[in-house]
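# Coordinate inspection notes
For reference, the chains in residue letters:
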Amino acid sequence: MFEMMPFGYSNDLLNSFADFEKKFFGEMGRSFSGFNTDIQDTGKEYVLEAELPGFNKEDIHVDVQDGVLTISAKHEEKQDEKDEKSGKYVRRERRYGSYQRSFNLNGVDAKNIQGAYENGVLKLTLPKEQPTVPETHRIEIQ
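Residues numbered from 1 in each chain as written. Predicted model: local features only at pLDDT ≥ 70, side-chain atom pairs only at ≥ 80, totals over all residues. Heavy atoms only, no water.

## Remarks on the packing of aromatic side chains
Counted by the stated rule, this structure contains 1 aromatic pair. Geometrically, the ring pair formed by F55 and Y99 is edge-to-face, given 5.8 Å between the ring centres and 80° between the ring planes. Within this pair, whereas F55 is found in the loop between β2 (45-51) and β3 (60-65), its partner Y99 is found in strand β5 (residues 89-104), the two being separated by 44 residues in sequence. Here F55 falls in the buried class, since its relative accessible area comes to 9%. Residue Y99 is classed as buried on the basis of its relative accessible area of 18%. (Phe/Tyr/Trp six-rings, centres within 6.5 Å; stacked < 30°, edge-to-face > 60°. Helix = DSSP H or I, 4+ residues; strand = E, 2+ residues; numbered from the N terminus. Buried < 20%, exposed > 50% of the residue type's maximum accessible area, 1.4 Å probe, protein only.)

Right, here's the structure in full:
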């Protein structure tokens, strides 16, 4: 009888919806948990590119606090379909997404970071801190 069950037999198959979702969707379900970034070292600066398709520029926030850069984005979309005759919903779907990632800014001049958003890609230019050259001065001996 167990061979006729579509997912096989397992005592914990439906212990929680999260477990069911992981088993049913596999790795595909995890792909929505964050966003992809590329960081390139050009020598004088770092260039961070983050994929944020479907977001408006107003939905994206980049904050710097205590040496940490945080990129956060929130998106809410509603899609309604009504029955023409009754005016009642036949289907109503809502999609909401909130993403956040943080990056350490060691060695970055945080005051001069620049950003742009175009075609679903956030591009941040993070200039490197200029190394401080220790000042030396000669003391005159009397």
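Structure's up, so let's keep going.
## Things to note about the pattern of salt bridges
For the coordinates displayed, the defined rule picks out 1 salt bridge. Of the charged contacts in the structure, one is a salt bridge between D41 and K128, with a shortest N-O distance of 2.8 Å. Of this pair, D41 sits in strand β1 (residues 37-41) while K128 sits in the segment after β7 (121-127), and the two are 87 residues apart along the sequence. Relative accessible area serves as the criterion here: at 45%, D41 is assigned to the partly exposed category. (Salt bridge = Lys/Arg side-chain N within 4 Å of Asp/Glu carboxyl O.)

## Points about the environment of I113
Looking at where I113 falls in the secondary structure, it is placed in the loop between β5 and β6 (114-118). Using a relative accessible area of 21% as the deciding quantity, one classes I113 as partly exposed. With residues near it in sequence (within four places) discarded, I113 still touches V64, L69, L105, V108, T125, L126 and P127. (Contact = heavy atoms within 4.5 Å.)

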